[in-house]
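A look at the structure
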Amino acid sequence: MTAVVRAAIAGVMPPVLFPSLDVALPVLWEHVRRLPVREAHRDFIRICIGPGGGQGVARCLAQGGSWSTTLYVGGMTDWTAHPITITTHGS
């Protein structure tokens, strides 16, 4: 996991270049863990980008140069969607 990556969370974290996925994931997780995300959805996101996660993201980046999912912030009836995107630089 050494390729330069670009990561962003729409409306939460602007696009940033990171020297590697290993550096990007903790930054993304720090932004997510502070948000009011429903527990089940937070668990899914944690598996993807949280501590000890990232293997699936790394496989997607190696195969296609990008990975994305949508982060849903708020309650059951009052939520907003924030796409999380990670791409290899230049993708």
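Preceding this section is the structure that the text describes.
Each chain carries its own residue numbering, running from 1 in the direction its sequence is written. Per-residue local features are limited, in this predicted model, to residues with pLDDT of at least 70; the limit for side-chain atom pairs, both in listing and counting, is 80 or more; totals at the level of whole chains, interfaces and linings are taken over all residues. Computation of side-chain values covers all heavy atoms of the structure but excludes hydrogens and water.

Let us now look at the nonpolar core. Ranked by internal contacts, the top residues of the largest apolar core, which has 23 residues, are Leu28, Val32, Ile49, Leu71 and Ile86. Where this core is concerned, the elements lending two or more residues are strand S1 (5-9), strand S2 (13-18), helix H1 (21-33), helix H2 (39-49), helix H3 (55-64), strand S3 (66-74) and strand S4 (79-88). Residue contributions to this core peak at 6 residues, all from H1. The contact criterion used throughout is that any non-hydrogen atoms of two residues lie within 4.5 Å. Ignoring sequence-local partners within four residues, the contact set of valine 32 consists of Ile9, Val37, Arg42, Ile45, Ile49, Leu71 and Ile84. Think of a nonpolar core as a cluster: buried Ala, Val, Leu, Ile, Met, Phe, Trp, Tyr and Cys residues, connected wherever their side-chain atoms sit within 4.5 Å. For every residue, the accessible area obtained with a 1.4 Å probe (protein chains only) is divided by the maximum for its type, and the residue is called buried under 20%, exposed over 50%, and partly exposed between those limits. Helix numbering and strand numbering both begin at the N terminus, where a helix is a DSSP run of H or I of at least 4 residues and a strand a DSSP run of E of at least 2.

This paragraph deals with the packing of aromatic side chains. Given two aromatic rings, their pairing is described by the distance between the two centres and the angle made by the two planes. Aromatic rings from Phe, Tyr and Trp, taking only the six-membered ring of Trp, are treated as a pair when their centres fall within 6.5 Å; an angle between ring planes under 30 degrees marks them as stacked, one over 60 as edge-to-face, and anything in between as tilted. Taken as a whole, this structure holds 1 aromatic pair when the rule is applied. Measuring from centroid to centroid gives 5.1 Å for tyrosine 72 and tryptophan 79, while their planes differ by 85 degrees, and the two rings are edge-to-face. With relative accessibility at 31%, the residue tyrosine 72 sits in the partly exposed group.

Moving on: the pattern of salt bridges. Each reported salt bridge corresponds to a side-chain nitrogen of Lys or Arg within 4 Å of a carboxyl oxygen of Asp or Glu. Here the structure, examined in full by the defined rule, presents 1 salt bridge. We note a salt bridge from arginine 33 to glutamate 30, for which the minimum N-O separation is 2.8 Å. Taken together, the residues span about one helical turn, with arginine 33 and glutamate 30 both in helix H1 at a distance of 3 residues. You can call arginine 33 partly exposed: its relative accessible area is 43%.

In short, geometric facts, not functional conclusions.
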